[in-house]
Amino acid sequence: MAKINLLPWREELRELRKKVFFGIFCGAILLALVTLFIIDRFINSAINTQQIRNQYLNNEITQLEKKIVAIKDIKAKKILLLERMDVIKGLQGNRSVIVQVFDQLARVVPEGIYFKTLKIEGDLISLVGIAESNNRVAALMRQLDASQWFTNPNLTAVRKVNDEGERLNEFDLNFIKVKPNNEGESSL
């Protein structure tokens, strides 16, 4: 005879399939949650690692900026020191020049001329003097122009003055100091 199963086997199979499906579904959700948790932990770990690296870089940048400021200060001090050294070298180099200027002034001044004031500003020399006559002032200007140490004499004023009953000429004269090509030579 044929076997007839009157039990609700289809419903049992359906229930079994539902349980299997629900089990697989729960397992998939659980697996997805575990995977998301692992991915989240990995990303958070990567973010923390990068934040630590960024903090390290920021600390190093701060230290380097401090060093850059210190280097700029040192460079500024170096420039100031070099400028001071140049001034000192210039003064040392010009020591003999001023002596030569005064020596040459003493040589070019003719008799009968006396200086009241002498002012040197850079290469410009201004003086106020007393002369017995205008010819002596002209002679002084010619000798200044002929000197290797002076050039461009410019007479700016001549005044008549009385000094103890004597009539004299007071004059203002400007000329330029130059350094001759051969410093050791004397012009007169």
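Remember, predicted model here, so these are calculated numbers, not experimental data.

Rules behind the numbers
Residues numbered from 1 in each chain as written. Predicted model: local features only at pLDDT ≥ 70, side-chain atom pairs only at ≥ 80, totals over all residues. Heavy atoms only, no water. Pairing = 2+ DSSP bridges. Helix = DSSP H or I, 4+ residues; strand = E, 2+ residues; numbered from the N terminus. Axes fitted to C-alpha atoms, helices over the stretch in contact; angles between N-to-C directions. Contact = heavy atoms within 4.5 Å. Patch = residues over 30% accessible without salt bridge, like charges linked within 9 Å, V, L, I, M, F, W, Y side chains within 5 Å. Areas by Shrake-Rupley, 256 points an atom, 1.4 Å probe, with all protein chains shown as cover. Salt bridge = Lys/Arg side-chain N within 4 Å of Asp/Glu carboxyl O. Lys, Arg positive; Asp, Glu negative; His and termini not counted. Charge placed at Lys NZ, Arg CZ, Asp CG, Glu CD. Expected span 1.5 Å × (residues − 1). Buried < 20%, exposed > 50% of the residue type's maximum accessible area, 1.4 Å probe, protein only. Arc of directions from axis to C-beta. pLDDT = per-residue confidence, 0-100. Core = buried A, V, L, I, M, F, W, Y, C linked by side-chain atoms within 4.5 Å.

Spatial ordering of the open sheet is given by β1-β2-β4-β3, a layout of four strands whose pairing is antiparallel. Each of the sheet's edge strands pairs with one partner strand only, and the pair in question is β1 (113–121) and β3 (150–163). When strand polarity is set aside, the average angle formed by the axes of neighbouring strands in this sheet is 15°. Two elements, β3 and strand β4 (residues 166–177), share 11 bridges in a ladder whose sense is antiparallel. What sits directly across from Val-158, in β4, is Phe-171. Along the sheet, helix α2 (residues 134–146) makes contact with β1, β2 (124–131), β3 and β4, crossing β3 at roughly 165°.

Positive charge collects at one region of the surface, where Arg-10, Arg-14, Arg-17 and Lys-18 lie side by side. Within the fold, Arg-10 resides in helix α1 (residues 9–108).

The terminal C-alpha atoms of α2, which comprises 13 residues, lie 18 Å apart, in line with the 18 Å expected from a rise of 1.5 Å per residue. The complete set of buried residues in α2 reads Val-137, Ala-139, Leu-140 and Leu-144. On an axial view of α2, the arc spanned by its buried residues comes to 160°, and they lie on one face. Every exposed residue of α2 that faces more than 90 degrees away from the buried side is listed here: Asn-135, Arg-142 and Ala-146.

What follows covers the confidence of the model for the chain. When pLDDT is averaged along the chain, the result is 87; 94% of the residues meet or exceed 70. Within the chain, no element has a lower average pLDDT than β3, which sits at 86, and none a higher one than α1, at 92. A low-confidence stretch, residues 183–188 (pLDDT under 50), is modelled with 11 contacts involving residues beyond four sequence positions or located in other chains.

Within the largest apolar cluster, 16 residues are counted, with the highest numbers of intra-cluster contacts made by Val-101, Leu-140, Leu-144, Phe-150, Phe-171, Leu-173 and Phe-175. Listing elements by their share of this core, those giving two or more residues are α1, β2, α2 and β4. Ranked by the residues each element gives to this core, the list is headed by α1, at four residues. Apart from residues lying up to four places away in sequence, Val-101 is in contact with Ile-125, Trp-149, Phe-150 and Lys-177.

This brings us to a nonpolar patch on the surface. A surface patch of nonpolar side chains, amounting to about 660 Å² of accessible area, comprises Phe-21, Phe-22, Phe-25, Ile-29, Leu-33 and Leu-36. Within the fold, Phe-22 resides in helix α1.

Moving on to the pattern of salt bridges. For the structure on display, the rule yields eight salt bridges. Among the ionic pairs, Glu-170 bridges to Arg-159, the shortest N-O distance being 2.7 Å. Remark: Arg-159 occurs in strand β3 and Glu-170 occurs in strand β4; sequence separation between them is 11 residues. Here Asp-172 and Arg-159 are joined by a salt bridge, their closest N and O atoms 3.1 Å apart. Of this pair, Asp-172 sits in strand β4 while Arg-159 is found in strand β3, placing the two residues 13 residues apart along the sequence. Take Arg-159: its relative accessible area is 31%, and that puts it in the partly exposed class. Salt bridges linked by common partners bring Lys-116, Arg-159, Glu-170 and Asp-172 together as one network.

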